[in-house]
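# Coordinate analysis (summary)
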Amino acid sequence: MSEAAGGCHCGAVRYAVAAPADDAEPVRTALCHCTDCQRCAGAPVVGWTAVPSGSFRLTSGTPAVYRSSEYARRSFCPQCGTGLFYVNEVVLPGIVDIQTATFDDASAFPAMAHIQTAEQLAWMGTAHELPAFERYPEG
């Protein structure tokens, strides 16, 4: 990765992440099942890509910030509401957690782990067994 870019659904907030230096922390990705992520995203799981804060920069727009706990700050687009970043300097010092699906090429950041599974919705354990359709099913 030389540089990865992304942004919100409406395009008002954009960001870029520089490629990590050889001696930098590697990029880490995870699917988070915590109740906080579920409630903030309205989804059973949220994909996150953790990058060193020094490699992250906003390229346009200004996100709104929601203080979801004593130390956590969740940034989102004030126009379309897309969740974008998470910063918690106490738990994850020097890290910006980016919602993976907001990258222009989210497939470049495959999940490496499931985290916070103690709060996973019970039916997620069998979700992989559900029928799958490439588009809306007929009838």
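Overview of the structure. (Residues numbered from 1 in each chain as written. Predicted model: local features only at pLDDT ≥ 70, side-chain atom pairs only at ≥ 80, totals over all residues. Heavy atoms only, no water.)

## Notes on the overall build of the chain
Helices and strands together make up the secondary structure of the chain, namely 1 helix and 10 strands. Order of helices (α) and strands (β) in the chain, N terminus to C terminus: β-β-β-α-β-β-β-β-β-β-β. Taking 2.2 N^0.38 as the reference for a compact globule, 139 residues should give roughly 14 Å; the C-alpha atoms of the chain span a radius of gyration of 16 Å, in line with that estimate. Taken along the three principal axes of its C-alpha coordinates, the chain extends 45 × 30 × 30 Å. Counting every position in the chain, which comprises 139 residues, the buried fraction comes to 32%. Total accessible area on the chain is roughly 8,600 Å²; 54% of this is exposed by carbon and sulfur atoms. For the chain, the distance from the average site of its 8 positive side-chain charges to the average site of its 14 negative ones is 9 Å. (Helix = DSSP H or I, 4+ residues; strand = E, 2+ residues; numbered from the N terminus. Rg over C-alpha atoms; globule rule 2.2 N^0.38 Å. Buried < 20%, exposed > 50% of the residue type's maximum accessible area, 1.4 Å probe, protein only. Areas by Shrake-Rupley, 256 points an atom, 1.4 Å probe, with all protein chains shown as cover. Lys, Arg positive; Asp, Glu negative; His and termini not counted. Charge placed at Lys NZ, Arg CZ, Asp CG, Glu CD.)

## Things to note about unusual backbone geometry
The phi torsion at Q116 lies on the positive side, around 55°, for a residue other than glycine. If you trace the backbone, Q116 turns up in the segment after β10 (114-115).

## Remarks on the side chain of Q38
Secondary-structure assignment places Q38 in helix α1 (residues 35-41). Discounting chain neighbours no more than four positions away, the residues touching Q38 are H33, A43, P44, E119, Q120 and L121. (Contact = heavy atoms within 4.5 Å.)

## With respect to the packing of aromatic side chains
One pass over the full model with this rule turns up 6 aromatic pairs. Plain terms: the ring middles of Y15 and F85 are 5.4 Å apart, the flat faces sit at 85° to each other, and that makes the pair edge-to-face. With Y15 in strand β2 (residues 14-18) and F85 in strand β8 (residues 83-87), this pair connects stretches of sequence that are 70 residues apart. With respect to class, Y15 is no different from F85; both count as buried. A connected cluster of aromatic rings, assembled from ring pairs, spans Y15, F56, F85, F103 and F109. (Phe/Tyr/Trp six-rings, centres within 6.5 Å; stacked < 30°, edge-to-face > 60°.)

## Things to note about the nonpolar core
As a rule of thumb, nonpolar side chains are buried together in soluble globular proteins. Of all hydrophobic cores here, the largest spans 15 residues; its most connected members are Y15, V17, V51, F56, F85, I98 and F103. Those elements that place two or more of their residues in this core are β2, β8 and β9 (95-99). Membership of the second largest hydrophobic core comes to 7 residues, among which are C32, C37, V46 and A72. (Core = buried A, V, L, I, M, F, W, Y, C linked by side-chain atoms within 4.5 Å.)

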